[in-house]
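# Fold and geometry: a report
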Amino acid sequence: MNKREVIKTVLDGKKPPYVPWSFKFTIEPKEQLQSYFNTVDLDIPLNNHILNLGSDIGFFDEIEPNMFQDVFKVVWDRSVDKDIGMPVEPLIKEPCMEGVYFPDPHDPRFYANIEPEIAKKPDMFRVFQIGFSLYERAWTMRGMENLLMDFMINPDFVHQLMEKIADYNIAMIEKALTYDIDAVYFGDDWGQQHGLIMGIDTWQEFLYPQIQRMYKKVRDAGKYVMIHSCGDVDELFPLLVDAGLNCFNPFQPEVMDLEEILPMYRGKLAFHGGLSMQKTLPFGTPEDVRSESEKLIELGKQGGYIFSPSHSVESDTTLENILTFIEVAQNQKDFKNESVKLTV
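Nothing here was measured: the structure is a model prediction, and the numbers come from that model. (Residues numbered from 1 in each chain as written. Predicted model: local features only at pLDDT ≥ 70, side-chain atom pairs only at ≥ 80, totals over all residues. Heavy atoms only, no water.)

Now for the pattern of salt bridges. For the structure shown, the criterion picks out 18 salt bridges. Salt bridges sharing partners connect three or more residues here, namely Arg4, Lys8, Arg126, Asp180 and Asp182. (Salt bridge = Lys/Arg side-chain N within 4 Å of Asp/Glu carboxyl O.)

Structural data, given as structure tokens:
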């Protein structure tokens, strides 16, 4: 069974031969690992199981030092956060759709890496990514405070904006489905450390109808649906499962009871993440990382789980801690380890 088949086994609610994994990193630890492994492409030494395709957030062009513009023409300040940054100002000044710019959903840059990456890594599970897929795209264009007020005082505008964003994403999905992909991954943070940013009633009114449309497009094509949403959002799991969700990321231990949730949803919803990014990785010892990683893998042996830190690993995690969780994943009994030897 290759890596692609192992992930499908997990998403289908069956018991895999071992617990698969897929790791992501922000700029600084990524560069550190590239130097450690002496390669630009980390999928190979990490033995990642998920092949991330497309350009999830949208391309950034540097228009001046530390200022980058995405495909929606939002300008981002990366003077502090080097990976994404913060929007400088809202593009949509008033709650009105007139004149709102949307880029070409079939821009070839979104699809350029699909066939070359699949050719290089045919055994990996192929995931086309759409970042900022609804709420996040809306607030980056309108401004977060403005959008949260719009939910209450300009509901017609919000419905129009969400529908337009979903239409754009569905056009991207239709193009992506012309390639031999396995899943579509939607990024859209809805949660805080405690509860949803906008509350469940508002989420159901404005976001859920478009989520149902987007997920249906993917599932009707026989593909899997994967999402990322940070925060305490497990109250949404029943609705998301009904909409067609197959896998949820990042599965944060600080806001969710992993030992309760994973068995509860096994066979209905798989999870990707779980290793603490707020506590264990930045502040724990390698022994702490090893212990938590081993517990997660033991929890996931019956299926429904893809091992990973609960977010892209940040620069506050030491190389030793990073190599520790990589080693734990790769040293599973039934995984044929073809990676280079790690020095932890």
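Let's pick the thread back up.
The next point concerns the sheet that holds strand S5 (residues 86–87). Taken in spatial order, the four strands line up as S2-S3-S4-S5 in an open sheet, and their pairing is antiparallel. At either margin of the open sheet sits one strand with a lone partner, and together these are strand S2 (61–64) and S5. Pairing of strand S4 (residues 75–77) with S5, which is carried by two bridges, proceeds in the antiparallel orientation. Each residue of the ladder has a partner; that of Trp76, found in S5, is Pro87. (Pairing = 2+ DSSP bridges. Helix = DSSP H or I, 4+ residues; strand = E, 2+ residues; numbered from the N terminus.)

Helix H8 (residues 200–220) packs onto helix H7 (residues 155–176) with a crossing angle of 15 degrees between their chain directions and a minimal axis gap of 9 Å. What the angle tells us is that H7 and H8 run roughly parallel. Like other packed secondary-structure pairs, H7 and H8 cross with a definite hand, here right-handed. Contacts from Pro155, Val158, His159, Met162, Glu163, Ala166, Asp167, Asn169, Ile170, Ile173 and Glu174 in H7 reach Glu205, Phe206, Leu207, Gln210, Arg213, Met214, Lys217 and Val218 in H8. Across the contact of H7 with H8, the residue classes tally to 10 nonpolar, three polar and six charged. (Axes fitted to C-alpha atoms, helices over the stretch in contact; angles between N-to-C directions. Parallel < 35°, antiparallel > 145°, perpendicular 65-115°, else oblique. Left-handed = near helix turned anticlockwise from the far one by under 90°. Contact = heavy atoms within 4.5 Å. Nonpolar A, V, L, I, M, F, W, Y, C, P; charged D, E, K, R; others polar.)

Moving on to the packing of helix H5 (residues 135–142) against helix H6 (residues 144–153). Running from amino to carboxyl end, H5 crosses H6 at an angle of 115 degrees, the nearest separation of the two axes being 7 Å. As the angle between them shows, H5 and H6 are arranged roughly perpendicular. Crossing geometry of H5 relative to H6 is assigned as right-handed. Of the residues in H6, those touching H5 at Tyr135, Ala138, Trp139 and Arg142 are Met144, Asn146, Leu147, Leu148, Asp150 and Phe151.

What follows deals with the side chain of Arg126. Checked against the element boundaries, Arg126 lands in strand S6 (residues 125–130). Side-chain polar atoms of Arg126 contact the backbone oxygen of Pro122, separated by 3.1 Å. Look past the residues within four positions of Arg126 in its chain and what remains in contact with it is Arg4, Leu51, Leu53, Ile118, Asp180, Ile181, Asp182 and Ala183. (Polar contact = N/O pair within 3.5 Å; in protein donor to acceptor, adjacent residues only side chain to side chain.)

Glancing now at the sheet that holds strand S10 (residues 270–275). Taken in spatial order, the seven strands line up as S1-S6-S7-S8-S9-S10-S11 in an open sheet, and their pairing is parallel. The sheet is open, and its two borders are formed by strand S1 (50–53) and strand S11 (305–309), each paired with just one other strand. Adjacent strand axes in the sheet meet at a mean angle of 25 degrees, parallel and antiparallel pairs treated alike. Relative to S10, strand S9 (residues 247–249) runs parallel, the two being bridged by two bridges. By the bridge assignment for S10, Phe248 is matched with Phe271. Running over the sheet, H8 touches strand S7 (183–187) and strand S8 (224–228) and is turned about 145 degrees from S8. Contacting S10 and S11, helix H12 (residues 286–299) crosses the sheet at an angle of about 165 degrees to S10.

Side chains that are three or four residues apart share a direction in an α-helix, a result of its 3.6 residues per turn. Compared with the 16 Å implied by 1.5 Å per residue over 12 residues, the 16 Å span of helix H13 (residues 319–330) between its first and last C-alpha is a close match. For H13, the complete set of buried residues consists of Asn321, Ile322, Leu323, Thr324, Phe325, Ile326, Glu327, Val328, Ala329 and Gln330. Where H13 is buried, its residues contact helix H2 (27–37), helix H3 (43–46), S10, helix H11 (280–283), H12 and S11. (Expected span 1.5 Å × (residues − 1). Buried < 20%, exposed > 50% of the residue type's maximum accessible area, 1.4 Å probe, protein only.)

Moving on, we come to the packing of aromatic side chains. One pass over the structure, following the stated rule, counts 28 aromatic pairs. Aromatic side chains Tyr18 and Trp21 sit 6.1 Å apart centroid to centroid with 50 degrees between the ring planes, which places their arrangement in the tilted category. Classification of Tyr18 by relative accessible area gives buried; the value is 8%. A relative accessible area of 0% places Trp21 in the buried class. A centroid spacing of 5.5 Å and a plane angle of 5 degrees characterise the contact between Tyr111 and Phe128, whose relative ring orientation is stacked. Placement of Tyr111 in the loop between S5 and helix H4 (114–120) and of Phe128 in strand S6 is noted, with a sequence separation of 17 residues between them. The exposure class assigned to Phe128 is buried, which follows from its relative accessible area of 0%. (Phe/Tyr/Trp six-rings, centres within 6.5 Å; stacked < 30°, edge-to-face > 60°.)

Now for a negative patch on the surface. Residues Glu28, Glu31, Asp81, Glu314 and Asp316 make up a contiguous surface patch of negative charge. Tracing the sequence through the fold places Glu28 in helix H2. (Patch = residues over 30% accessible without salt bridge, like charges linked within 9 Å, V, L, I, M, F, W, Y side chains within 5 Å. Areas by Shrake-Rupley, 256 points an atom, 1.4 Å probe, with all protein chains shown as cover. Lys, Arg positive; Asp, Glu negative; His and termini not counted. Charge placed at Lys NZ, Arg CZ, Asp CG, Glu CD.)

Turning our attention to the nonpolar core. Trp190, Trp203, Tyr215, Phe307 and Phe325 are the most contacted members of the largest nonpolar core, which totals 97 residues. With 11 residues, H7 is the single largest residue contributor to this core. The residues touching Trp203, leaving out its near neighbours within four places in the chain, are Trp190, Leu196, Met198, Tyr208, Ile211, Leu236, Leu239 and Leu240. If you look at the next biggest cluster of nonpolar residues, it comprises 13 residues, including Val10, Leu11, Ile50 and Phe125. (Core = buried A, V, L, I, M, F, W, Y, C linked by side-chain atoms within 4.5 Å.)

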